[in-house]
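Here's the letter readout for the chains.
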Amino acid sequence: MSWPMVKLVDVVTLNPRAPKELDSAQIVSFVGMASVSEDGQLLSEEPRVLEETKKGFTYFAKSDVLLAKITPCFENGKCLRANQISNPVGFGSTEFHVLRPDQSKLDATYLFYMIWSNQFRTLGAASMFGAAGQKRVGSDFLKNFEIPLPPLAEQKRIAAILDKADAIRRKRQQAIQLADDFLRAVFLEMFGDPVTNPKGWEVKKWNEALTIVNGRNQKAVEDPIGQYPICGSGGYMAKANDWLTEANSVIIGRKGNINSPILMKERFWNVDTAFGLVPNRNMLSHNYLFFFCEFFDFERLNKAVTIPSLTKADLLQIEIPLPPIATQRILDQIIDKTDSMKEKHAGNLEVDLFSSLSQKAFSGQL
């Protein structure tokens, strides 16, 4: 059945202000951007006194839905039902939009799934404005965005279906996480901690074992139908019609997010806040390099006072233990088999169930 479409502004209060009558001594839940996962879960919260939190932060209550407004957090799905917080009132990062549904017309969980869907994020990303790396979804896009609005009882039914599908999706994600934990354990068993090198492997500096590719501005290569991903230190940002770094390489942040390496299995364009690490294939496996980067604390090379940053010269002096390449290839084989299982779970997760149901709900067909 096709339901009437309504503008969000007709059923939602956008970015409500904190009531003046709140008790300044009450405890509130503070939520930062890092406290919200990309699958809509609250990872952590900090209890704070309202008086110390009220100014300069985003206000929300348990009936609200939080939506990341900046890239790449918006595209990656950082969105939260605030009913997960411990206290009646919350404050959080100013990088959130807050949507408060009119509860006589709109169910909060139904709203959450509408704005968490891939369709919504695709349209929102196309409307973003601002400088590269700090693009954001504006209030005007949200005010004018339309969603299907069935009767409230029907919204609750749809939300319950999506909740069940999401629970299955999470179980599959847990299986994927267990696989990642298994691979980490295998790596340590085979090679030991690569930072302390307890097995005494031969050591070389990065300038002998890999090449560092500097990132560049992506403006000239951005292309919505491009075949290569544009990546920063936080991961995927957009698409490009050209590439800088070869497949089977590793991304580390040059500025900002310097301690979160990303393994890339395809060619990509890295922006100027990210380095691409291309291993010398004769002595270094991309998988081994990735695990090394996960164990290594890049913060020790940070000389910046404000925004963390790394220099190419310092990175090239890092020492890395190098087991025989044949032994590293055994790790590659184990990872390939495990990744096949993970991809199967991910495929079922995204195509067969939740994504399909979400798309039907978004178009008013569920």
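In what follows, the structure referred to is the one given above.
Here's a quick rundown of the structure. (Residues numbered from 1 in each chain as written. Predicted model: local features only at pLDDT ≥ 70, side-chain atom pairs only at ≥ 80, totals over all residues. Heavy atoms only, no water.)

1. Some remarks on the side chain of Thr58
- For Thr58, the position within the fold is in strand S5 (residues 58–61).
- Exposure remark for Thr58: the relative accessible area of 13% places this residue in the buried category.
- There is a polar contact of 2.9 Å between the side chain of Thr58 and the backbone oxygen of Ser93.
- With near-sequence residues (within four places) excluded, Thr58 lies in contact with Gly90, Phe91, Gly92, Ser93, Thr94, Phe96 and Val98. (Helix = DSSP H or I, 4+ residues; strand = E, 2+ residues; numbered from the N terminus. Buried < 20%, exposed > 50% of the residue type's maximum accessible area, 1.4 Å probe, protein only. Polar contact = N/O pair within 3.5 Å; in protein donor to acceptor, adjacent residues only side chain to side chain. Contact = heavy atoms within 4.5 Å.)

2. Points about a positive patch on the surface
- On the surface, Arg17, Lys20, Lys54 and Lys55 cluster together into a positively charged patch.
- Take Lys54: it is sitting in the loop between strand S4 (46–49) and S5. (Patch = residues over 30% accessible without salt bridge, like charges linked within 9 Å, V, L, I, M, F, W, Y side chains within 5 Å. Areas by Shrake-Rupley, 256 points an atom, 1.4 Å probe, with all protein chains shown as cover. Salt bridge = Lys/Arg side-chain N within 4 Å of Asp/Glu carboxyl O. Lys, Arg positive; Asp, Glu negative; His and termini not counted. Charge placed at Lys NZ, Arg CZ, Asp CG, Glu CD.)

3. Some words on the layout of surface pockets
- When its volume is computed, the second largest pocket comes out at roughly 180 Å³.
- Around the second largest pocket sit Asn15, Pro16, Arg17, Ala18, Lys54, Phe57, Thr58, Tyr59, Lys69 and Phe96, which together line it.
- Its residues assigned to classes, the lining of the second largest pocket comprises five nonpolar, two polar and three charged. (1 Å grid on protein atoms, 1.4 Å probe; cavity = no way out; pocket = protein on both sides within 12 Å on 5 of 7 lines; lining within 4 Å. Points joined across faces, edges and corners; volume = space filled by probe spheres on them. Nonpolar A, V, L, I, M, F, W, Y, C, P; charged D, E, K, R; others polar.)

4. Considering the packing of aromatic side chains
- Inspection of the entire model under this criterion finds 20 aromatic pairs.
- Where Phe292 meets Phe296, the ring centres are 5.6 Å apart and the plane angle is 25°; that geometry is what we call stacked. Each member of the pair, Phe292 as well as Phe296, carries the same accessibility label: buried.
- What links up through ring pairs into an aromatic cluster is the set Phe187, Phe191, Trp201, Tyr288, Phe290, Phe291 and Phe295.
- Just above the ring of Phe295 sits the side chain of Arg184; from NZ or CZ to the centre is 4.3 Å. (Phe/Tyr/Trp six-rings, centres within 6.5 Å; stacked < 30°, edge-to-face > 60°. Lys NZ or Arg CZ within 6 Å of the ring centre and 35° of its normal.)

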